[in-house]
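Structural overview
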Amino acid sequence: MPKVNYRKLAFEAYPQKRCVLCGFGIHELLEVAHIDTDRANNDKSNLVLLCPTCHKMLDVGLISVEAIVEMRDSAREISWSKRMKDAGAKAALTRRRRQAARKAVATRLANRNETKQ
């Protein structure tokens with residue numbers, strides 16, 4: 001029986017190249033899980049891309065096979081508006097902190113120079 005590269009099959013079948021549960025996307029670290037735990041069954045419907053953590057949770061039964069299949073087969077799009085909703089406020093806060101830090105450094109230097117004189 002010829003050896004099948006099931007990793008290559010899974011990456012060709014599922015072009016998202018992300019963990020179907022958590023979205024982890026480092027290609028080199030993703031693992032291919034056999035849903036029915038039969039490593040000889042390399043049908044694309046039996047393969048799923050998972051990060052190492054989600055793969056382990058599937059193996060020990062913390063995640064159901066039904067959930068894995070549903071997540072794998074659902075079309076998902078990233079909504080950047082949800083992710084970026086606080087970006088402006090965070091940037092403004094960072095600028096204020098940076099200004100406060102620079103002012104504190106300048107004050108310390110001025111106080112140090114006054115004590116030396």
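Read on for a plain summary of the structure. Since this is a predicted model, take the numbers as computed values, not measurements. (Residues numbered from 1 in each chain as written. Predicted model: local features only at pLDDT ≥ 70, side-chain atom pairs only at ≥ 80, totals over all residues. Heavy atoms only, no water.)

1. A closer look at the overall build of the chain
Helix and strand content of the chain: five helices and two strands. Moving toward the C terminus, one meets the helices and strands of the chain in the order α-β-β-α-α-α-α. Against the globule reference of 13 Å for 117 residues, the chain gives a C-alpha radius of gyration of 25 Å, more extended than a compact globule. Overall, the chain is about 85 × 30 × 25 Å in size when its C-alpha atoms are taken along their principal axes. Each of the 117 residues in the chain was classed as buried or not, and the buried ones make up 21%. Considering only contacts within the chain whose residues lie at least 6 apart along the sequence, 51% involve residues at least 24 apart. Of the roughly 9100 Å² of accessible surface on the chain, 55% is carried by carbon and sulfur atoms. (Helix = DSSP H or I, 4+ residues; strand = E, 2+ residues; numbered from the N terminus. Rg over C-alpha atoms; globule rule 2.2 N^0.38 Å. Buried < 20%, exposed > 50% of the residue type's maximum accessible area, 1.4 Å probe, protein only. Contact = heavy atoms within 4.5 Å. Areas by Shrake-Rupley, 256 points an atom, 1.4 Å probe, with all protein chains shown as cover.)

2. A few points about the side chain of His 34
Positionally, His 34 belongs in strand S1 (residues 31-34). Separated by 2.8 Å, the side chains of His 34 and Asn 42 make a polar contact. Once residues lying within four places of it in the same chain are set aside, the contact partners of His 34 are Tyr 6, Arg 39, Asn 41, Asn 42, Asn 46 and Leu 47. (Polar contact = N/O pair within 3.5 Å; in protein donor to acceptor, adjacent residues only side chain to side chain.)

3. A few points about helix H2 (residues 52-59)
Structurally, the α-helix is built with 3.6 residues per turn, so residues lying three or four positions apart point the same way. By the burial criterion, the buried members of H2 are Cys 54, His 55 and Leu 58. For H2, the arc enclosing every buried residue in end-on projection is 105°, short of the 170-degree limit, so these residues lie on one face. What points out from H2, more than 90 degrees from its buried face, is the exposed set Thr 53, Lys 56 and Asp 59. Looking one or two residues beyond H2, the residue adopting positive phi is Gly 61, at roughly 90°. (Arc of directions from axis to C-beta.)

No statement about biological role is implied by the geometric values presented.
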